[in-house]
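What follows is each chain in one-letter form.
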Amino acid sequence: MGRSAPQTGPQITPALRSGRHRKVATSYTFGLGWSSLAKMTERRSNFVTIECIVKNALLLLACLAVACGGSKGSAAPSPADGAVDRIATGPDTTVSDAAFDASVADATPPVETGGTKRPFPDTSLKIAILADQLPNLSAEQQQFVVSHFVGTQKLTLALSRPLRALKPDFLVLHYHLAMWQSAPTTSLILDGNNWSNDFSTVTAHESWFWHTAAGATTANRVASSSDGKLLMNVSDPGFQAYWAQSLAQQVAAGDYDGVFLDSASPALLQGECAGTTGDPRLAGTAACNATFSELGGKTYCQAWEAWIAALDSSLGSAGIPLIPNTSAFTTTWDTTNYGLTAGAFVEGFADPTFAPADWKASTTELIKLVAANKIVILQNYLASNSDLAKRRYLLANYLLVKGSRTYLDYFAASPLEWYPEWDLDLGAAQTSAANNADELLSGGIYRRDFANGVVLVNPSAAAVSVSFASPLRRVVPSGGGAVSNTGTTSGSTTTTTVSSLSVPAASAEILLR
């Protein structure tokens, strides 16, 4: 998520956490025009026939072809210059069957869009930091960033190109909301260059939005009580098609390496959408336990799974990893399958405030995602960069589950921070779990051994004493924090030799051999 404020573009405030960071403007449309697409889709959705299904499928292909390739014979937008064709479609009109069929016949073959397929680096032998949105950087800070971080997110081309000139495989993720439309006054990067919002395009299609039981009108749309973003109907074909196509277009325009899909957990609905100004039908556990006619008799969680799997497949075919913000897996009633996408961004992971049962449930989910070779990004926040106990706890929890594509970030004031413990070299893992956190439980504490060290995590409410067969060196970090304008940072680690330790409640230790 992140709390840093870029020097250009919208500002991010400390209050915007837990999937509540909004960035999205310039209204632009593509090829056939989404107004026409939605009207055709909505008009035909009333006829459950083979002809309807085939035509809708062909329409989506035609729209993708025109949108990605421009008008017939035109070139696709080039990620190298960040150009995006902006085609005026005019007012909405009813499209006849003949016009519909002609649009399919006249469409050019689809042009693949997507990132440049920069690899997500192997993290098996290192601690890999994928930072939240970085601010404007000095030349010295740019050098520091490319030599220490594997990537970041939410950058325009003006900010990402200098970094990739220094390190061509530096990762940058695109930011977009999941099953929400950003409020009209908030922005994201649509064309690779500018902070803008596509609200004027989306708002023209009422069926794309979620509504209260009072009816499908603008007045009955459901807005988040947190920040005004609008909940969408994930089962609507027009919504599905627009999200898939526009995300691919935005990734190509900004030369991004994947999509960070924020506020993605259906568990958010009970807190953000079920109040007096929302939809009472979403109260409590309804997202996963109540069925809705708007979703074809499915629960929101079931409809979300069908939508996210299809979106992941669509983007994946263009080489674009989909990485939704799942939150930290501590909502016990949330039965959503979060393993349906290329990866997961787990915000608020391993917080020391978790009850032991919540910690175990969360860590088990992380272990399963890592074992499935998903891209897993773990992020949390510090009240102060001097909170050494939380820094040690977060790093140890990351090391406890880390696999070959597991990334970390924690920070206090800005993502442009570096902590000395991130330079530790523990080598290859010698023990790992595959299905459950308890596979790492030993002597009342969760332990993972590495070639060069040992990690101990105690999520319980009581201290645990641990003895070692041979002495180990306890790591003690100090300093760390902001990277200066000259590209330097303070901080170091020292070690103390120990043969035993008492690990306090909700704390961790990292030891070297």
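Residues numbered from 1 in each chain as written. Predicted model: local features only at pLDDT ≥ 70, side-chain atom pairs only at ≥ 80, totals over all residues. Heavy atoms only, no water.

In this description, a pair of aromatic rings is defined by centroid distance and the angle of the planes. Evaluation of the coordinates by the stated rule reveals 20 aromatic pairs. Seen in terms of ring centroids, W210 and Y300 are 5.7 Å apart; in terms of plane orientation they differ by 75 degrees. Their pairing is edge-to-face. Taken together, the residues W210 in the loop between α6 (199-202) and β6 (230-231) and Y300 in helix α10 (residues 300-316) connect sequence positions 90 residues apart. For the pair formed by W210 and Y300, the shared burial category is buried. Taken together, the ring pairs connect F144, F149, Y410, W418, Y419 and W422 into an aromatic cluster. Positioned over the ring face of F209 is R221, at 3.7 Å from the centre of the ring. Lying across the ring of W180, K229 places its NZ or CZ 4.5 Å from the centre. (Phe/Tyr/Trp six-rings, centres within 6.5 Å; stacked < 30°, edge-to-face > 60°. Helix = DSSP H or I, 4+ residues; strand = E, 2+ residues; numbered from the N terminus. Buried < 20%, exposed > 50% of the residue type's maximum accessible area, 1.4 Å probe, protein only. Lys NZ or Arg CZ within 6 Å of the ring centre and 35° of its normal.)

As a further point, take the pattern of salt bridges. Enumeration over the complete set of coordinates arrives at 17 salt bridges. Here R221 makes a salt bridge to E206, at a shortest N to O gap of 2.9 Å. Of this pair, R221 sits in the loop between α6 and β6 while E206 sits in the loop between α6 and β6; the two residues are 15 residues apart in sequence, bridging distant segments of the chain. Take R221 and E206: they sit in the same class, and that class is buried. With a closest N to O distance of 2.9 Å, D279 and R281 form a salt bridge. Among the charged side chains, a salt-bridge network with shared partners connects R118, R164, D255 and D257. (Salt bridge = Lys/Arg side-chain N within 4 Å of Asp/Glu carboxyl O.)

Turning our attention to the packing of helix α7 (residues 237-254) against α10. A pair of packed helices is characterised by two quantities: the angle between their axes and the separation of those axes. One can describe the packing of α7 onto α10 by two numbers: an axis separation of 10 Å at closest approach and a directional angle of 35 degrees. As α7 runs across α10, the sense of the crossing is right-handed. Together, F239, Q240, W243, A244, L247 and A248 of α7 and W307, L311, S314 and L315 of α10 make up the contact between the two elements. Considered class by class, the residues forming the contact of α7 with α10 number eight nonpolar, two polar and no charged. (Axes fitted to C-alpha atoms, helices over the stretch in contact; angles between N-to-C directions. Left-handed = near helix turned anticlockwise from the far one by under 90°. Contact = heavy atoms within 4.5 Å. Nonpolar A, V, L, I, M, F, W, Y, C, P; charged D, E, K, R; others polar.)

Positive phi is not limited to glycine here, since D255 has a value of about 55 degrees. As for its position among the elements, D255 is in the loop between α7 and β7 (259-262). We note that A506 has phi near 50 degrees; this positive angle belongs to a residue other than glycine.

A separate point is the pairing of β7. What you see with β7 is no split at all: V259 and L261 on one side and F260 and D262 on the other are buried throughout. Bridge count between strand β2 (residues 171-177) and β7: four bridges; the pairing is parallel. Paired with H176 across the strands is L261, a residue of β7. Two strands pair when backbone bridges link them, and β7 and strand β10 (residues 322-324) are joined in this way by three bridges, in the parallel orientation. From the neighbouring strand, L261 faces β10, where its bridge partner is P324. (Pairing = 2+ DSSP bridges.)

This part covers helix α12 (residues 388-401). The first and last C-alpha atoms of α12 sit 20 Å apart over 14 residues, in line with the 20 Å expected at 1.5 Å per residue. Of the residues making up α12, those classed as buried are K390, R391, R392, Y393, L394, L395, A396, N397, Y398, L399, L400 and V401. (Expected span 1.5 Å × (residues − 1).)

We now examine the sheet that holds β2. Here four strands make up an open sheet; going across it, the order is β1-β2-β7-β10 and the pairing parallel. A strand with exactly one partner marks an edge of an open sheet, and here the two such strands are β1 (151-153) and β10. Going across the sheet, the axis of each strand differs from the next one's by a mean of 25 degrees, ignoring polarity. For β1 and β2, the ladder comprises three bridges, and the chain directions are parallel.

For the rest of this paragraph, the subject is the packing of helix α11 (residues 356-371) against α12. It is at 9 Å that the axes of α11 and α12 come closest, and there the two elements cross at 45 degrees. Relative to α12, the element α11 is oriented oblique. Touching W359, T363, L366, I367 and V370 of α11 are Y393, N397, L400 and V401, all from α12. Tallied by class, residues from the contact of α11 with α12 come to seven nonpolar, two polar and no charged. (Parallel < 35°, antiparallel > 145°, perpendicular 65-115°, else oblique.)

Our focus in this paragraph is the pairing of strand β21 (residues 507-512). For β21, the tally of buried residues reaches six of six residues, placing the bulk of the element in the interior. Along β21, one buried face is formed by S507, E509 and L511 and the opposite face, lined by A508, I510 and L512, is buried too. Across six bridges, the pairing between strand β17 (residues 453-458) and β21 is antiparallel. Bridge pairing in β21 links V455 to I510. By the bridge criterion, two bridges tie strand β18 (residues 464-478) to β21 in an arrangement that is antiparallel. Opposite R473, over in β21, you have L512 as the bridge partner.

The quantities given are spatial measurements derived from coordinates; they are silent on function.
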